[in-house]
Amino acid sequence: MTLFEDLRESHDKQRRLLDLLVKTHGDSEGRDELFQRLRAELENHAAAEERALYIPMMEYDMTQEKARHSVAEHHEIDELLETLEATEYDSPGWLASAKKLQHLVTHHLDEEEHEVFQLAGRALDDSTKADLARTYRHEMESREAS
């Protein structure tokens, strides 16, 4: 699999978890389990993606701004995850924040898949992309194992 295929696989998982999460109700075991799974996936993916894609993209003028923008969006997602973590599952604001997270993450994933990947594909040569795919996979495996 290419780097971009690996990233899309995680993106699809994030979308599925978000869709399930916003359908949960109150302080339920299902809500907690889905939120913890989603949080882990988002955090692992962001760290691996930043190392394997965004840091290398910052070396090129044509991709630097998009890389910075995407890292800033990762920070916004982290802040919203912290808000959700600090809010009781049965609070009326929890579901509203979860839907806001879904919107933010979906926007971010769509932007990556339709803009960032194309720019990176043009800026990075095939050998570099293959190396970065290995870096991403290694990062994800290391983070998921811990």
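Keep in mind the model is a prediction, meaning the values are calculated, not measured.

A. Representation of helix 1 (residues 3-21). For helix 1, with 19 residues, the first-to-last C-alpha span of 27 Å sits near the 27 Å given by 1.5 Å per residue. Here helix 1 has its buried residues at Leu3, Phe4, Asp6, Leu7, Ser10, His11, Gln14, Arg15, Leu17, Leu18 and Leu21. The inward-facing, buried residues of helix 1 abut helix 2 (29-57), helix 4 (92-123) and helix 5 (126-145).

B. Layout of the packing of aromatic side chains. Counting across every chain of the model gives four aromatic pairs. When the ring of Phe35 is compared with that of Trp94, the centres are 5.8 Å apart and the planes differ by 80°; the resulting orientation is edge-to-face. Pair noted here: Phe35 is in helix 2 and Trp94 is in helix 4, with a separation of 59 residues, a long-range link.

C. Structural detail: the environment of Glu112. Of note, Glu112 is situated in helix 4. Residues Glu112 and Phe35 lie 77 residues apart in sequence; the distance between their C-alpha atoms is 23 Å. Setting aside residues up to four positions removed in sequence, Glu112 forms contacts with His11, His45, Glu49, Tyr54, His74, Phe117 and Gln118.

D. View of empty space enclosed by the protein. Across all of its chains, the model carries one cavity of 30 Å³ or more by this definition. Lining the largest cavity are Gln14, Leu42, Glu43, His45, Ala46, His74, Ile77, Asp78, His108 and Leu109. Secondary-structure elements contributing two or more residues to the lining of the largest cavity are helix 2, helix 3 (61-86) and helix 4. It is helix 2 that contributes the most residues to the lining of the largest cavity, four residues altogether.

E. Molecular detail of the packing of helix 1 against helix 2. Packing of helix 1 against helix 2 brings their axes to within 10 Å, and their N-to-C directions diverge by 155°. Between helix 1 and helix 2, the angle is such that the two are roughly antiparallel. Taken as a pair, helix 1 and helix 2 cross one another with a handedness that is left-handed. Note on element contacts: helix 2 touches helix 1 through Arg31, Leu34, Phe35, Arg37, Leu38, Glu41, Leu42, His45, Glu49, Ala52 and Leu53, opposite Leu3, Phe4, Leu7, Ser10, His11, Lys13, Gln14, Leu17, Leu18, Leu20 and Leu21. When grouped by side-chain class, the residues that make up the contact of helix 1 with helix 2 number 13 nonpolar, four polar and five charged.

F. Up close: the UniProt feature "domain: Hemerythrin-like" (unreviewed entry) in the protein. According to UniProt, the "domain: Hemerythrin-like" (unreviewed entry) feature falls on residues 3-120. Helix makes up 87% of residues 3-120 and strand 0%, whereas the separation of the span's terminal C-alpha atoms amounts to 11 Å.

G. Local environment of the packing of helix 1 against helix 4. Running from amino to carboxyl end, helix 1 crosses helix 4 at an angle of 165°, the nearest separation of the two axes being 10 Å. Classed by the angle they form, the pair helix 1 and helix 4 counts as roughly antiparallel. Once helix 1 is placed against helix 4, the crossing between them reads as left-handed. A class-by-class count of the residues in the contact of helix 1 with helix 4 yields 11 nonpolar, five polar and six charged.

Reading the values: the criteria
Residues numbered from 1 in each chain as written. Predicted model: local features only at pLDDT ≥ 70, side-chain atom pairs only at ≥ 80, totals over all residues. Heavy atoms only, no water. Helix = DSSP H or I, 4+ residues; strand = E, 2+ residues; numbered from the N terminus. Expected span 1.5 Å × (residues − 1). Buried < 20%, exposed > 50% of the residue type's maximum accessible area, 1.4 Å probe, protein only. Contact = heavy atoms within 4.5 Å. Phe/Tyr/Trp six-rings, centres within 6.5 Å; stacked < 30°, edge-to-face > 60°. 1 Å grid on protein atoms, 1.4 Å probe; cavity = no way out; pocket = protein on both sides within 12 Å on 5 of 7 lines; lining within 4 Å. Points joined across faces, edges and corners; volume = space filled by probe spheres on them. Axes fitted to C-alpha atoms, helices over the stretch in contact; angles between N-to-C directions. Parallel < 35°, antiparallel > 145°, perpendicular 65-115°, else oblique. Left-handed = near helix turned anticlockwise from the far one by under 90°. Nonpolar A, V, L, I, M, F, W, Y, C, P; charged D, E, K, R; others polar. UniProt positions renumbered as here; feature names shortened; annotations may be inferred.

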